[in-house]
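Fold and geometry: a report
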Amino acid sequence: MGKKLLIEHANVPGIETLEVYRSTGGYASVEKALKSMTPEQIVNEVKVSGLRGRGGAGFPTGLKWSFLAKPEGVARYLVCNADESEPGTFKDRYLMEKIPHLLIEGMITSSFALGAKAAYIYIRGEYFYVARIVEKAIAEAYAAGLLGKNILGTDYSLDLYVQIGAGAYICGEETALLESLEGKRGNPRIKPPFPAIAGLYGCPTVVNNVETIAAVVPIVNDGGEAYAKIGIGKSTGTKLISASGHINKPGVYEIEMGITVEDFIYSEEYCGGIRNGKKLKAVVAGGSSVPILPADLILKTAKGEPRLMTYESLSDGGFITGSMMGSGGFIVMDEDTSIVKNLFTFARFYHHESCGQCSPCREGTGWMEKILKKFMNGTANESDVDLLWDIQSKIEGKTICPLGEAAAWPVAAAIRHFKQEFIDIAKSKKFIDVSHYNRLNKLVKG
Ligand SMILES: Cc1cc2nc3c(=O)[nH]c(=O)nc-3n(C[C@H](O)[C@H](O)[C@H](O)COP(=O)(O)O)c2cc1C
Ligand code: SF4
């Protein structure tokens, strides 16, 4: 069994309450940090741990924290990104729903390290019930003197707020999130300046993912070195993976970085193999925006080495033969899956979620959806594959925020690895029924 640093106690009855959480050692990192460590020592432990941001980009957390500007007399903020809207990713919801105090503990310890006196948890609108769970836990923490003035009798004070978004994927992009938190439309800002210099209300701000902040708890408790011993190379510690699709055991798993992809898909400890004894066709390893890989390339790199669940191994070969760890949304597809139909659903999503500020993204996402719709309607021609390729290539690197890439990469990868499938559909002129997506949409939207 792999080591679990975050969700080991997730199924302990009552773990969402302060009493039970504390009985499992909860809030020890707050005691340790506030009473025996300096903020600089905590930042250093996080650096030593090698922890990388779990929101998708994998940027080293300690380094990010050390960039935070500290002008005299200016407030600093920690903002937790709990927007989690990337299709295929649901690990942050699991963590907040099951062990809300772990996130709150991480927020207190991290805020102390950053010198923040106010911190925010920005939760997507669709996670309304999760926000209520987190709010309840925050109220318990205030009542126990873990939040508010003079935490645990020290001279450190912190206020922690929950803000619920209105349900827009783009509000997960950190600068759009900050705009939304300020009460404005969630449009991404042009960077620089980066949030570390001018973030929330123009003040220095760190934005971190839920899982990143939760990981600070074991790092402070056991030390950065102990954390860095788990994993391989620059992929240290454990990682939460949201596993979905055609597997026997979908769910959220905490893995030690470095296990093989094959082990993750086929072992009983994790996904338990492909459903109904079918063959594996493809995997989207890190949430809908990362390149899809066919079975042979997800299990082994182009060099023929076993592909590992690490940042480096998943991206080995670049986008020609590799992909990305992303947010850890691991979507498994069996031999019966239509890659083009799946791509159509992704394209619809990105078109719907584009904020519309940049022409390549605003127009390109809509155009790609329209062409993919032709494949569904049986009206596409072979030349539409080249057109799709051309459009996606004109989005990447030409937009304010990476939603442009998030929309372009899945299209490029699907054509790169499954071009024949597009051609076959175009030739067949067959109608592919996707009307149930519209019905689902109506159900979701009411
Ligand atoms: C379109 C878009 C959506 C994003 N959605 C999320 C999200 O839901 N949660 C998240 O943590 N990061 C998301 N990110 C990444 C954030 O911008 C940011 O990099 C992250 O919150 C930083 O935290 P980390 O360093 O702990 O990963 C998104 C980025 C983009 C471009
Ligand atoms: S890339 Fe898309 S989502 Fe991002 S700012 Fe431009 S239009 Fe908005």
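Residues numbered from 1 in each chain as written. Chains lettered and ligands numbered in written order. Predicted model: local features only at pLDDT ≥ 70, side-chain atom pairs only at ≥ 80, totals over all residues. Heavy atoms only, no water.

With respect to the site of ligand 1
Rule in force here: Nearness is judged by heavy atoms alone; a residue qualifies as near a molecule or strand once a single heavy atom is within 4 Å of it. Within 3.5 Å is the distance limit for a polar contact, defined as a pair of N or O atoms, with the added protein rule that one can donate a hydrogen and the other accept it, and that residues adjacent in sequence qualify only through two side-chain atoms. To measure how exposed things are, a 1.4 Å probe is used in the Shrake-Rupley method; for residues, cover is taken only from the protein chains shown.
Near ligand 1 lie 18 residues; those nearest to it are G55, E84, N208, N209 and T212. In this structure, G172 approaches ligand 1 through a main-chain N or O atom, which is 3.2 Å from a nitrogen atom. A distance of 2.8 Å separates an oxygen atom of ligand 1 from a polar side-chain atom of N209. Summarising the interface, the protein chains cover 88% of the accessible area of ligand 1, which totals 600 Å² for the free molecule.

Overview of the sheet that holds strand β7 (residues 238-245)
Basically, it comes down to this: When DSSP finds at least two bridges between two strands, those strands are taken to pair. The way it works is that DSSP assigns letters per residue, a run of H or I at least four long becomes a helix, a run of E at least two long becomes a strand, and they are numbered from the N terminus. Axis lines are fitted to C-alpha atoms, over the contacting stretch for helices. Their N-to-C directions set the angle, which ranges from 0 to 180 degrees.
Strands sit in the order β8-β7-β11-β9-β10 across an open sheet of 5 strands; the sheet is mixed. The open sheet is flanked by β8 (251-256) and β10 (292-294), the only strands paired with a single partner. Each adjacent strand pair in this sheet contributes to an overall mean axis angle of 30 degrees, direction not counted. Inspection of the sheet shows strand β9 (residues 280-284) paired to strand β11 (residues 329-334) by 4 bridges, in the antiparallel sense. Residue L280 lies in a different strand from β11, and its bridge partner there is D334.

Here's the deal with the pairing of strand β3 (residues 159-164)
Under the convention used in this document: Crossover handedness is defined here as right-handed if the route from the first strand over the helix to the second strand goes clockwise, with the strands pointing away from the viewer.
For strand β2 (residues 118-123) and β3, the ladder comprises 6 bridges, and the chain directions are parallel. By the bridge assignment, A119 is partnered in β3 with L160. A crossover connection joins β2 to the parallel β3 through helix α7 (residues 128-143); in handedness this β-α-β unit is right-handed.

Observations concerning empty space enclosed by the protein
Spelled out, the test is: For cavity detection a 1 Å grid was placed over the protein atoms alone, and a set of points counts as a cavity when a 1.4 Å probe fits there but cannot get out; an open set counts as a pocket when protein lies on both sides within 12 Å along at least five of seven lines, with lining residues being those that have an atom within 4 Å of a point. Grid points are joined across faces, edges and corners, and a volume is the space filled by probe spheres set on the points. Note on residue categories: nonpolar means Ala, Val, Leu, Ile, Met, Phe, Trp, Tyr, Cys or Pro, charged means Asp, Glu, Lys or Arg, and polar means any other residue, Gly included.
Throughout the structure, instances matching the rule amount to 2 cavities of 30 Å³ or more. Considering only enclosed or pocket space, the largest cavity measures out at about 70 Å³ in volume. Considering the residues around the largest cavity, the lining is formed by I170, P188, S354, C355, Q357, C358, C361, T399, I400, C401, L403 and G404. Of the residues in the lining of the largest cavity, the class split is 8 nonpolar, 4 polar and no charged. Per-element accounting of the lining of the second largest cavity gives the leading share, 4 residues, to helix α15 (residues 339-353).

Worth remembering: the numbers are spatial, not functional.
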